[in-house]
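# Structure assessment
Single-letter residue listing:
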Amino acid sequence: MRTDDDRPRTPDRRWAGSDFQDPPRTGGGVALCGACHAAGRCRLGVQRERLDDTGNAWFHVTCPRDQEGGPNVAHGGWTAAVMDECLGHVPLLNRTLSVTAELSVSFVKPVPVDRPVQVRAWVDRREGSRWYIAGEMSLLPGGAVLARASGIWVARDPGHFDRHEKWLAQQDSAGSP
Ligand SMILES: CCCCCCCCCC(=O)SCCNC(=O)CCNC(=O)[C@H](O)C(C)(C)COP(=O)(O)OP(=O)(O)OC[C@H]1O[C@@H](n2cnc3c(N)ncnc32)[C@H](O)[C@@H]1OP(=O)(O)O
(Lines give C-alpha, C1' and ligand atoms only; values in the text may rest on other atoms or scores of the structure.)
Protein backbone atom coordinates (compact mmCIF):
# COMPACT_ATOMS: atom_id res chain seq x y z
CA MET A 1 0.00 0.00 0.00
CA ARG A 2 1.15 3.56 -0.64
CA THR A 3 2.38 5.61 2.27
CA ASP A 4 2.06 9.39 2.70
CA ASP A 5 5.70 9.76 1.66
CA ASP A 6 5.45 8.20 -1.78
CA ARG A 7 2.12 9.78 -2.69
CA PRO A 8 2.47 12.22 -5.61
CA ARG A 9 1.94 15.79 -4.51
CA THR A 10 0.93 18.90 -6.37
CA PRO A 11 3.78 21.30 -5.57
CA ASP A 12 1.97 24.62 -5.67
CA ARG A 13 -1.75 24.64 -6.26
CA ARG A 14 -1.92 28.45 -6.26
CA TRP A 15 -0.14 28.80 -9.61
CA ALA A 16 -3.08 30.30 -11.46
CA GLY A 17 -3.89 32.76 -8.71
CA SER A 18 -7.07 32.53 -6.72
CA ASP A 19 -9.22 33.24 -9.78
CA PHE A 20 -9.04 30.47 -12.38
CA GLN A 21 -11.12 32.64 -14.70
CA ASP A 22 -8.35 35.22 -14.84
CA PRO A 23 -5.13 33.19 -15.23
CA PRO A 24 -1.65 34.67 -15.65
CA ARG A 25 -0.99 35.77 -19.24
CA THR A 26 2.10 36.49 -21.30
CA GLY A 27 2.71 39.84 -23.00
CA GLY A 28 1.09 38.27 -26.07
CA GLY A 29 -2.07 37.59 -24.07
CA VAL A 30 -1.53 33.83 -23.83
CA ALA A 31 -3.11 32.25 -20.74
CA LEU A 32 -0.54 30.06 -19.01
CA CYS A 33 -1.29 26.65 -17.50
CA GLY A 34 0.50 25.42 -14.37
CA ALA A 35 3.85 24.25 -15.75
CA CYS A 36 4.00 27.04 -18.35
CA HIS A 37 3.43 29.61 -15.62
CA ALA A 38 6.47 28.18 -13.85
CA ALA A 39 8.45 28.30 -17.12
CA GLY A 40 7.27 31.86 -17.92
CA ARG A 41 6.17 30.89 -21.43
CA CYS A 42 3.84 28.52 -23.26
CA ARG A 43 5.98 25.43 -23.74
CA LEU A 44 3.83 24.37 -26.73
CA GLY A 45 4.82 27.53 -28.60
CA VAL A 46 1.56 29.50 -28.41
CA GLN A 47 2.84 33.08 -28.74
CA ARG A 48 -0.24 35.25 -29.09
CA GLU A 49 -3.96 34.92 -28.54
CA ARG A 50 -6.91 37.22 -28.87
CA LEU A 51 -10.68 37.09 -29.11
CA ASP A 52 -12.20 39.21 -31.85
CA ASP A 53 -15.60 40.84 -31.70
CA THR A 54 -17.22 38.12 -33.85
CA GLY A 55 -16.37 35.40 -31.28
CA ASN A 56 -13.42 33.92 -33.13
CA ALA A 57 -10.29 33.28 -31.07
CA TRP A 58 -6.98 33.63 -32.94
CA PHE A 59 -3.66 32.13 -31.92
CA HIS A 60 -0.17 32.49 -33.33
CA VAL A 61 1.80 29.32 -32.72
CA THR A 62 5.22 27.97 -33.70
CA CYS A 63 6.07 24.31 -33.19
CA PRO A 64 9.33 24.19 -31.20
CA ARG A 65 12.15 22.09 -32.65
CA ASP A 66 12.02 19.81 -29.61
CA GLN A 67 8.51 18.71 -30.70
CA GLU A 68 9.78 17.37 -34.03
CA GLY A 69 8.38 13.98 -35.05
CA GLY A 70 9.21 13.21 -38.70
CA PRO A 71 11.94 15.30 -40.32
CA ASN A 72 11.13 19.00 -39.88
CA VAL A 73 7.51 18.30 -38.96
CA ALA A 74 5.63 18.24 -35.67
CA HIS A 75 4.88 15.14 -33.65
CA GLY A 76 1.14 14.46 -33.86
CA GLY A 77 0.90 14.67 -30.08
CA TRP A 78 2.05 18.29 -30.28
CA THR A 79 -0.65 19.11 -32.83
CA ALA A 80 -3.33 17.47 -30.65
CA ALA A 81 -2.06 19.27 -27.55
CA VAL A 82 -2.06 22.65 -29.30
CA MET A 83 -5.61 22.14 -30.56
CA ASP A 84 -6.69 21.13 -27.04
CA GLU A 85 -4.96 24.20 -25.63
CA CYS A 86 -6.28 26.71 -28.15
CA LEU A 87 -9.85 25.44 -28.30
CA GLY A 88 -9.87 25.18 -24.49
CA HIS A 89 -8.87 28.84 -24.22
CA VAL A 90 -12.14 29.92 -25.85
CA PRO A 91 -14.21 29.50 -22.64
CA LEU A 92 -11.34 31.08 -20.71
CA LEU A 93 -11.39 34.11 -23.03
CA ASN A 94 -15.06 34.29 -22.03
CA ARG A 95 -14.10 34.12 -18.33
CA THR A 96 -15.21 30.51 -17.88
CA LEU A 97 -13.07 27.76 -16.42
CA SER A 98 -13.62 24.51 -18.30
CA VAL A 99 -12.00 21.13 -18.84
CA THR A 100 -11.80 19.01 -21.96
CA ALA A 101 -14.35 16.19 -21.95
CA GLU A 102 -13.87 15.08 -25.56
CA LEU A 103 -11.46 15.99 -28.35
CA SER A 104 -11.24 14.84 -31.96
CA VAL A 105 -8.35 15.88 -34.23
CA SER A 106 -7.91 15.48 -37.99
CA PHE A 107 -4.30 15.69 -39.13
CA VAL A 108 -4.70 17.13 -42.61
CA LYS A 109 -1.07 17.96 -43.49
CA PRO A 110 2.25 17.70 -41.66
CA VAL A 111 2.92 20.81 -39.55
CA PRO A 112 6.34 22.39 -40.14
CA VAL A 113 8.53 23.08 -37.09
CA ASP A 114 10.04 26.52 -36.43
CA ARG A 115 7.48 28.19 -38.70
CA PRO A 116 4.52 30.29 -37.55
CA VAL A 117 1.06 28.82 -38.01
CA GLN A 118 -2.33 30.17 -37.05
CA VAL A 119 -5.16 28.58 -35.09
CA ARG A 120 -8.71 29.88 -35.23
CA ALA A 121 -11.25 28.54 -32.73
CA TRP A 122 -14.92 29.23 -32.25
CA VAL A 123 -17.98 28.04 -30.32
CA ASP A 124 -20.31 25.92 -32.42
CA ARG A 125 -22.98 25.82 -29.70
CA ARG A 126 -23.55 25.62 -25.96
CA GLU A 127 -25.84 23.21 -24.12
CA GLY A 128 -26.03 23.45 -20.35
CA SER A 129 -22.48 23.41 -19.03
CA ARG A 130 -21.18 21.99 -22.34
CA TRP A 131 -19.31 24.10 -24.86
CA TYR A 132 -19.04 22.53 -28.33
CA ILE A 133 -15.92 24.11 -29.80
CA ALA A 134 -14.22 23.70 -33.18
CA GLY A 135 -11.06 25.03 -34.73
CA GLU A 136 -8.48 24.73 -37.45
CA MET A 137 -4.75 25.21 -37.78
CA SER A 138 -3.48 26.80 -40.97
CA LEU A 139 -0.18 27.67 -42.60
CA LEU A 140 1.07 31.25 -42.73
CA PRO A 141 0.99 32.82 -45.21
CA GLY A 142 -1.62 31.33 -47.52
CA GLY A 143 -3.97 29.70 -45.07
CA ALA A 144 -3.69 26.05 -46.17
CA VAL A 145 -5.42 23.93 -43.51
CA LEU A 146 -3.03 21.66 -41.58
CA ALA A 147 -5.36 20.29 -38.88
CA ARG A 148 -8.95 20.47 -37.73
CA ALA A 149 -10.36 19.74 -34.29
CA SER A 150 -13.61 19.69 -32.42
CA GLY A 151 -14.57 18.79 -28.92
CA ILE A 152 -16.64 19.31 -25.81
CA TRP A 153 -15.52 21.43 -22.88
CA VAL A 154 -17.42 21.29 -19.60
CA ALA A 155 -17.61 24.43 -17.48
CA ARG A 156 -16.44 23.91 -13.92
CA ASP A 157 -16.69 25.92 -10.74
CA PRO A 158 -13.48 26.90 -8.94
CA GLY A 159 -13.87 23.92 -6.56
CA HIS A 160 -13.14 21.46 -9.41
CA PHE A 161 -9.47 20.91 -8.52
CA ASP A 162 -10.09 20.77 -4.76
CA ARG A 163 -12.72 18.08 -5.30
CA HIS A 164 -10.24 16.18 -7.44
CA GLU A 165 -7.59 16.31 -4.68
CA LYS A 166 -10.14 14.89 -2.22
CA TRP A 167 -11.16 12.16 -4.68
CA LEU A 168 -7.49 11.28 -5.19
CA ALA A 169 -6.87 11.08 -1.43
CA GLN A 170 -9.86 8.72 -1.13
CA GLN A 171 -8.42 6.53 -3.89
CA ASP A 172 -5.06 6.44 -2.08
CA SER A 173 -6.58 5.65 1.30
CA ALA A 174 -8.56 2.80 -0.24
CA GLY A 175 -5.22 1.06 -0.92
CA SER A 176 -4.19 -1.33 -3.67
CA PRO A 177 -6.82 -3.66 -5.12
C1 LIG B 1 -4.68 28.40 -18.89
C2 LIG B 1 -5.12 28.42 -17.48
C3 LIG B 1 -5.90 27.27 -17.19
C4 LIG B 1 -6.41 27.16 -15.82
C5 LIG B 1 -7.21 25.97 -15.64
C6 LIG B 1 -6.58 24.75 -16.22
C7 LIG B 1 -7.53 24.02 -17.11
C8 LIG B 1 -6.81 22.96 -17.81
C9 LIG B 1 -7.65 22.36 -18.86
C10 LIG B 1 -7.24 20.99 -19.04
O11 LIG B 1 -6.09 20.67 -19.09
S12 LIG B 1 -8.43 19.87 -19.11
C13 LIG B 1 -7.54 18.35 -18.87
C14 LIG B 1 -8.18 17.18 -19.48
N15 LIG B 1 -9.54 17.02 -19.02
C16 LIG B 1 -9.82 16.63 -17.77
O17 LIG B 1 -9.01 16.45 -16.92
C18 LIG B 1 -11.26 16.38 -17.48
C19 LIG B 1 -11.43 15.10 -16.72
N20 LIG B 1 -12.86 14.77 -16.63
C21 LIG B 1 -13.62 15.35 -15.67
O22 LIG B 1 -13.18 16.13 -14.85
C23 LIG B 1 -15.06 14.98 -15.69
O24 LIG B 1 -15.27 13.76 -16.36
C25 LIG B 1 -15.96 16.05 -16.32
C26 LIG B 1 -15.79 17.37 -15.57
C27 LIG B 1 -15.67 16.27 -17.81
C28 LIG B 1 -17.39 15.59 -16.18
O29 LIG B 1 -17.56 15.31 -14.82
P30 LIG B 1 -18.88 14.68 -14.27
O31 LIG B 1 -19.30 13.58 -15.19
O32 LIG B 1 -18.75 14.40 -12.82
O33 LIG B 1 -19.83 15.91 -14.36
P34 LIG B 1 -21.34 15.89 -14.54
O35 LIG B 1 -21.89 14.51 -14.49
O36 LIG B 1 -21.88 16.92 -13.59
O37 LIG B 1 -21.47 16.41 -16.01
C38 LIG B 1 -21.27 17.78 -16.27
C39 LIG B 1 -21.71 17.96 -17.70
O40 LIG B 1 -20.72 17.41 -18.56
C41 LIG B 1 -21.32 16.52 -19.49
N42 LIG B 1 -20.33 15.53 -19.80
C43 LIG B 1 -19.60 14.79 -18.93
N44 LIG B 1 -18.75 14.00 -19.58
C45 LIG B 1 -18.94 14.23 -20.88
C46 LIG B 1 -18.35 13.73 -22.07
N47 LIG B 1 -17.40 12.82 -22.05
N48 LIG B 1 -18.80 14.21 -23.24
C49 LIG B 1 -19.76 15.13 -23.27
N50 LIG B 1 -20.35 15.67 -22.21
C51 LIG B 1 -19.95 15.21 -21.03
C52 LIG B 1 -22.55 16.02 -18.76
O53 LIG B 1 -23.50 15.57 -19.68
C54 LIG B 1 -23.00 17.31 -18.06
O55 LIG B 1 -23.66 18.17 -18.94
P56 LIG B 1 -24.81 19.20 -18.45
O57 LIG B 1 -24.21 20.01 -17.33
O58 LIG B 1 -25.14 20.01 -19.67
O59 LIG B 1 -25.95 18.35 -17.98
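Residues numbered from 1 in each chain as written. Predicted model: local features only at pLDDT ≥ 70, side-chain atom pairs only at ≥ 80, totals over all residues.

Relative to the assigned elements, S129 resides in the loop between β4 (116-127) and β5 (130-139). The class for S129 is partly exposed, based on 14 C-beta atoms found within 10 Å. Along the chain, S129 and V154 lie 25 residues apart, while their C-alpha atoms are 5.5 Å from each other. Setting aside residues up to four positions removed in sequence, S129 forms contacts with V154 and A155. (Helix = DSSP H or I, 4+ residues; strand = E, 2+ residues; numbered from the N terminus. Buried ≥ 20, exposed ≤ 12 C-beta atoms within 10 Å, placed from the backbone. Contact = placed C-beta atoms within 7 Å.)

A few words now on the site of the ligand. Near the ligand you find 19 residues, and of these P23, V99, A101, G128 and S129 are the closest. Those elements that place two or more of their residues in the shell around the ligand are α2 (76-93), β3 (98-107) and β6 (145-155). In terms of residue class, the shell around the ligand is made up of 12 nonpolar, four polar and three charged. (Near = placed C-beta within 6 Å. Nonpolar A, V, L, I, M, F, W, Y, C, P; charged D, E, K, R; others polar.)

Right, let's talk about the sheet that holds β3 for a bit. Pairing within the open sheet is antiparallel, and its six strands lie in the order β1-β2-β4-β5-β6-β3. One side of each edge strand has no neighbouring strand; the edge strands of this open sheet are β1 (46-51) and β3. Direction aside, neighbouring strands of the sheet carry axes that sit 20 degrees apart on average. Of the strand pairs in this sheet, β5 and β6 are connected by nine bridges, and their pairing is antiparallel. Along β6, the bridge assignment pairs A134 with S150. (Pairing = 2+ DSSP bridges. Axes fitted to C-alpha atoms, helices over the stretch in contact; angles between N-to-C directions.)

The subject of this paragraph is the confidence of the model for the protein chain. Model confidence for the protein chain is summarised by a mean pLDDT of 89, while 87% of its residues fall at 70 or above. Note on residues 1-18: pLDDT is under 50 here. Beyond four places in sequence and across chains, it has 16 contacts. Predicted complex, confidence summary: ipTM 0.89, pTM 0.89. (pLDDT = per-residue confidence, 0-100.)

As a further point, take the UniProt feature "domain: Thioesterase" (unreviewed entry) in the protein chain. Annotation from UniProt places "domain: Thioesterase" (unreviewed entry) at residues 72-137. Helix makes up 27% of residues 72-137 and strand 45%, whereas the separation of the span's terminal C-alpha atoms amounts to 17 Å. (UniProt positions renumbered as here; feature names shortened; annotations may be inferred.)

Moving on: the nonpolar core. Counting 32 residues, the largest nonpolar core has V46, V82, M83 and C86 as its most contacted members. Listing elements by their share of this core, those giving two or more residues are β2 (57-62), α2, β4, β5 and β6. Among the elements that line this core, the one with the most residues is α2, at seven residues. With sequence-adjacent residues up to four places away left out, V46 is seen in contact with V30, F59, V61, V82, E85 and C86. (Core = buried A, V, L, I, M, F, W, Y, C linked by C-beta atoms within 7 Å.)

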